[in-house]
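Structural overview
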Amino acid sequence: MLAVVGTVPDPDFPLTVGRVDMVEDKLVLNGLHVPVNRGTPALLGAMINTLKVVGQKDITGFIAGDIGLGEGSRNIYQYIVENCSGMDLNTIVFHYLQPDVDWHNKILFVLKDLAVKPIMIADAGFMYAAKMSGQAEEYDLFTPDVGELAFLADETAPHPFYTRGFILHEDNKIPDLISRAYLHKNAAKNLLVKGSTDFVADKNGIVSSLNSPEAQAMEAMGGTGDTLTGIVTALIGTGMKIPKAAAIASTVNRLAGVYAAPTPATQVLEIIQHIPAALEKVLKE
């Protein structure tokens with residue numbers, strides 16, 4: 001099972017578990033429709049369009065509405081803890097969720113007790129909880145942006161809001177931030193750092209980096225980091241090795257942006273629509 005755990009910014013969206021499809025500009029989950037915008041919907045849209053090229057594979061979503069108060073996230077956490085033991089999980093990505101260290105630890109223990117531990121990917125709020133719990137090394141991939149990487153690199157910060165200033169100012173020293181995150185055991189086995197230059201790294205340092213092709217307007221768009229996490233998750237879910245999947249995902253996300261010819265008014269759905277063509281080109285090359 002390829003699973004996505006996340007929230008949508010709708011307080012009335014109920015806890016829903018099931019196969020996720022995309023029809024035109026909306027995700028469909030157990031008869032419920034969700035616009036494909038930034039956040040977890042963007043991640044899911046990118047995954048679906050990636051899998052159209054590399055082999056159709058069902059995506060199971062664990063989705064609830066949450067506008068930052070945490071109720072939806074806690075409902076998801078409880079459901080996974082109570083039901084995960086009977087699931088055949090291959091790859092699971094945790095995305096926009098209210099950080100909660102206690103629930104994080106309960107979920108981690110359940111996943112570790114499975115007959116085969118799934119590949120575990122974390123981004124956004126759940127990545128914060130993973131770092132705050134001291135269990136970052138249990139994960140196979142984190143996908144931080146530079147600000148989130150600074151949080152991982154700050155061994156004293158309990159939350160991104162409290163990342164120390166001298167670390168936040170090291171934007172141009174990403175290799176140092178990566179080294180610091182691994183030194184203090186606050187990084188997953190692999191990192192895909194998203195930014196004007198994307199970096200793939202592990203405990204030994206930078207594996208690869210990419211800053212082209214470039215569509216500069218993407219830097220101002222919300223959701224393009226979510227699409228990158230979605231592409232890499234889908235590729236990993238097909239069995240591709242993580243460093244290779246991360247490098248390909250970075251190229252595809254950038255190329256899809258170039259194909260979309262974005263302006264600051266462009267919506268992330270327009271990037272997602274170009275993912276199949278971009279991925280086909282990259283795989284051929």
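Everything here concerns the structure above.
Attention in this report is confined to the structure presented alongside it.

About the thresholds
- Residues numbered from 1 in each chain as written.
- Predicted model: local features only at pLDDT ≥ 70, side-chain atom pairs only at ≥ 80, totals over all residues.
- Heavy atoms only, no water.
- Phe/Tyr/Trp six-rings, centres within 6.5 Å; stacked < 30°, edge-to-face > 60°.
- Helix = DSSP H or I, 4+ residues; strand = E, 2+ residues; numbered from the N terminus.
- Buried < 20%, exposed > 50% of the residue type's maximum accessible area, 1.4 Å probe, protein only.
- Lys NZ or Arg CZ within 6 Å of the ring centre and 35° of its normal.
- Salt bridge = Lys/Arg side-chain N within 4 Å of Asp/Glu carboxyl O.
- Expected span 1.5 Å × (residues − 1).
- Arc of directions from axis to C-beta.
- Contact = heavy atoms within 4.5 Å.
- Axes fitted to C-alpha atoms, helices over the stretch in contact; angles between N-to-C directions.
- Parallel < 35°, antiparallel > 145°, perpendicular 65-115°, else oblique.
- Left-handed = near helix turned anticlockwise from the far one by under 90°.
- Polar contact = N/O pair within 3.5 Å; in protein donor to acceptor, adjacent residues only side chain to side chain.

**Comments concerning the packing of aromatic side chains**
By convention here, two paired aromatic rings are described through the distance between centres and the angle between planes. As enumerated under the stated definition, the model contains 7 aromatic pairs in all. Between tyrosine 77 and phenylalanine 126 the ring centres are 6.0 Å apart and the planes differ by 50°, which places this aromatic pair in the tilted class. On the criterion of sequence distance, the pair formed by tyrosine 77 in helix α2 (residues 71-83) and phenylalanine 126 in helix α4 (residues 124-132) is long-range, its members being 49 residues apart. Per residue, the accessibility class of tyrosine 77 equals that of phenylalanine 126, and both read buried. Ring plane angle 85° and centroid distance 5.7 Å describe the contact between tyrosine 128 and phenylalanine 151, whose orientation is recorded as edge-to-face. Of this pair, tyrosine 128 sits in helix α4 while phenylalanine 151 sits in helix α5 (residues 146-153), and the two are 23 residues apart along the sequence. Given a relative accessible area of 17%, tyrosine 128 falls into the buried group. Chaining the aromatic ring pairs together yields one cluster made of Tyr77, Phe94, Trp103, Phe126, Tyr139 and Phe142. Across from the ring centre of phenylalanine 151, 4.1 Å away, lies the NZ or CZ of lysine 131, which sits over that ring.

**What about the pattern of salt bridges?**
Side chains bearing opposite charge may pair, as long as their charged atoms lie close to each other. Under the defined criterion, the tally for this structure stands at 10 salt bridges. The partner of aspartate 58 in a salt bridge is arginine 19, and the shortest N-O contact between them spans 3.5 Å. Taken together, the residues span a long stretch of sequence, with aspartate 58 in the loop between α1 (40-54) and β5 (59-65) and arginine 19 in strand β2 (residues 16-23) at a distance of 39 residues. The partly exposed category is assigned to arginine 19, whose relative accessible area is 46%. Across the salt bridge formed by lysine 281 and glutamate 285, the nearest N and O atoms sit 2.8 Å from each other. Accessibility expressed as a relative area gives 34% for lysine 281, which makes it partly exposed. On the accessibility criterion, glutamate 285 (70% relative accessible area) is exposed. Shared partners join several salt bridges into a network, and the residues in it are Arg19, Asp21 and Asp58.

**As for unusual backbone geometry**
For the peptide bond that leads from serine 212 to proline 213, omega is -5°, which places it in the cis range. In the Ramachandran plot, asparagine 30 falls in the positive-phi region, its phi being about 50° despite a non-glycine side chain. Of note, the phi angle at alanine 261 is positive, near 45°, even though the residue is not glycine. Examined against the element boundaries, alanine 261 turns out to sit in the loop between α9 (242-260) and α10 (268-272).

**As for α2**
For the α-helix, the turn length of 3.6 residues means that residues three or four positions removed from each other point alike. The terminal C-alpha atoms of α2, which comprises 13 residues, lie 18 Å apart, in line with the 18 Å expected from a rise of 1.5 Å per residue. Buried within α2 are the following residues: Gly72, Ser73, Ile76, Tyr77 and Ile80. All buried residues of α2 project into a common sector of 140° when viewed along the axis, lining one side. Facing away from the buried side of α2 by more than 90 degrees, the exposed set consists of Glu71 and Glu82. Buried-residue contacts for α2 involve β1 (2-8), β5, β6 (91-94), α3 (101-112) and α4.

**Concerning the packing of helix α8 (residues 224-237) against α9**
At a minimum axis separation of 8 Å, α8 and α9 run at an interaxial angle of 140°. As judged from the angle between their axes, α8 and α9 are oblique. Considering the relative orientation of α8 and α9, their crossing is right-handed. Together, Thr224, Thr227, Leu228, Ile231, Val232, Leu235 and Ile236 of α8 and Ile242, Ala245, Ala246, Ile248, Ala249, Ser250, Val252 and Asn253 of α9 make up the contact between the two elements.

**Brief notes about the side chain of asparagine 186**
Structurally, asparagine 186 can be placed in the loop between α7 (174-183) and β9 (190-193). Reaching out from asparagine 186, the side chain makes a polar contact with the backbone oxygen of leucine 152 at a distance of 3.4 Å. In this structure asparagine 186 touches Lys131, Ala136, Phe142, Leu152, Glu155 and Ala181, once residues within four positions along its chain are discounted.

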